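Below, each chain spelled out in residue letters.
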Amino acid sequence: MKRLLFLGLSLCLLSACAMGKRELLPKLARAPGASEALQRCAALFPQGRWQFVHAIAFRMADGTSGNALGVLVLDGQAIKSALMTVEGLTLFEARSSAAGELEVLRALPPFDNREFASGLMRDVRTLFQPPPGLGQYGMLADGTPVCRYNGGQVLTDILPQADGCWQLHTYSEHTSLRTDGCQPADPRREQRRTRTVNAGSCGPVGSVVLPHTLELTGAGPAGYTLNLRLVSAEPLPASP
């Protein structure tokens, strides 16, 4: 039974590309103070070297659910991540360099495929690192302030909140299809929402403010939800 639950976690990370209701990229009106605003958005994420332990609960659209422990070491743009059972068995461990090179150190079935490793590291970077690409600051039509980052294939919106927490949306380009599933003669390209992150219960950990809860939702009928609850956060000495 436990194996089936963790298989569900593997499948949910692989199914993030499936799309359902279309949430399109909203228009952004440029606003003054971009440099300071972008610095504040980047500061929402932990800087330097940290070790985090999170209790993770996952849920898929079909109702499959389960639990695990996640151990994460951040070192600038380099990351090392592991998934463990609540009894302490390491199911998966991998690291990714600052350049994005991925090395799998341990992977028990059903986590022993490259797509799972890539998907997990992509989610980790979404949750814990500032978005890649050039940033611009502006307002949505309703006046919501947004830091928008253009990473090429992915656009990321960060919506800072007054309590020090934040919300994040990622968008990827997709081609609109006819309702019968056939490709239109002149396909329309549009940016659709693929992930949403809600950071909650933000509070001081040492000299920084960190979210004590994180919820990541992958869009679409085959989507998934990851709920992370912070167990511990430890700043580490700088790399030698």
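Above this text you will find the structure in question.
Throughout what follows, the structure given in this document is the object of discussion. (Residues numbered from 1 in each chain as written. Predicted model: local features only at pLDDT ≥ 70, side-chain atom pairs only at ≥ 80, totals over all residues. Heavy atoms only, no water.)

Turning our attention to the state of the cysteines. Enumeration according to the criterion identifies two disulfides in this entry. The side chain of Cys 41 participates in a disulfide bridge whose partner is Cys 147; the two sulfur atoms lie 2.1 Å from each other. On the S-S bond that ties Cys 41 to Cys 147, the torsion sits near 75 degrees, and the link is right-handed. On the criterion of sequence distance, the pair formed by Cys 41 in helix α2 (residues 34-42) and Cys 147 in strand β8 (residues 145-150) is long-range, its members being 106 residues apart. You'll find Cys 41 and Cys 147 in the same group, each marked buried. Here Cys 165 engages in a disulfide with Cys 202; their sulfurs sit 2.0 Å apart. Taking the torsion about the S-S bond as the criterion, the Cys 165 to Cys 202 disulfide, at about 125 degrees, is right-handed. Of the two residues, Cys 165 is situated in the loop between β9 (154-160) and β10 (166-175) and Cys 202 in strand β11 (residues 189-205); the sequence distance between them amounts to 37 residues. Assessed through its relative accessible area of 2%, Cys 165 is described here as buried. (Disulfide = S-S within 2.5 Å. Helix = DSSP H or I, 4+ residues; strand = E, 2+ residues; numbered from the N terminus. Buried < 20%, exposed > 50% of the residue type's maximum accessible area, 1.4 Å probe, protein only.)

Looking at chain direction, strand β1 (residues 29-30) and strand β7 (residues 134-139) are connected through two bridges and run antiparallel. Note that in β7 the partner of Arg 30 across the bridge is Gly 138. Connecting the antiparallel pair β7 and β8 is a turn made up of five residues, with Gly 143 showing a positive phi of about 90 degrees. (Pairing = 2+ DSSP bridges.)

The full count for this structure, using the stated rule, is six salt bridges. In this structure, the salt-bridge partner of Arg 195 is Asp 123, at a minimum N-O distance of 2.6 Å. Of the two residues, Arg 195 sits in strand β11 while Asp 123 sits in helix α3 (residues 114-128), which places them 72 residues apart along the sequence. Here Arg 195 and Asp 123 have matching classes, each one buried. Note that Asp 157 and Arg 148 form a salt bridge whose closest N and O atoms lie 2.7 Å from each other. As far as the burial class goes, Asp 157 and Arg 148 line up, both buried. (Salt bridge = Lys/Arg side-chain N within 4 Å of Asp/Glu carboxyl O.)

Let's shift gears to the pairing of β8. Bridge count between β7 and β8: six bridges; the pairing is antiparallel. In the sheet register, Met 139 faces β8, and the bridge partner there is Pro 145. Relative to β9, β8 runs antiparallel, the two being bridged by four bridges. Across the sheet, the residue bridging to Asn 150 is Leu 155, located in β9. Linking β8 to β9, which pair antiparallel, is a turn of three residues; within it Gly 152 sits at a positive phi near 90 degrees.

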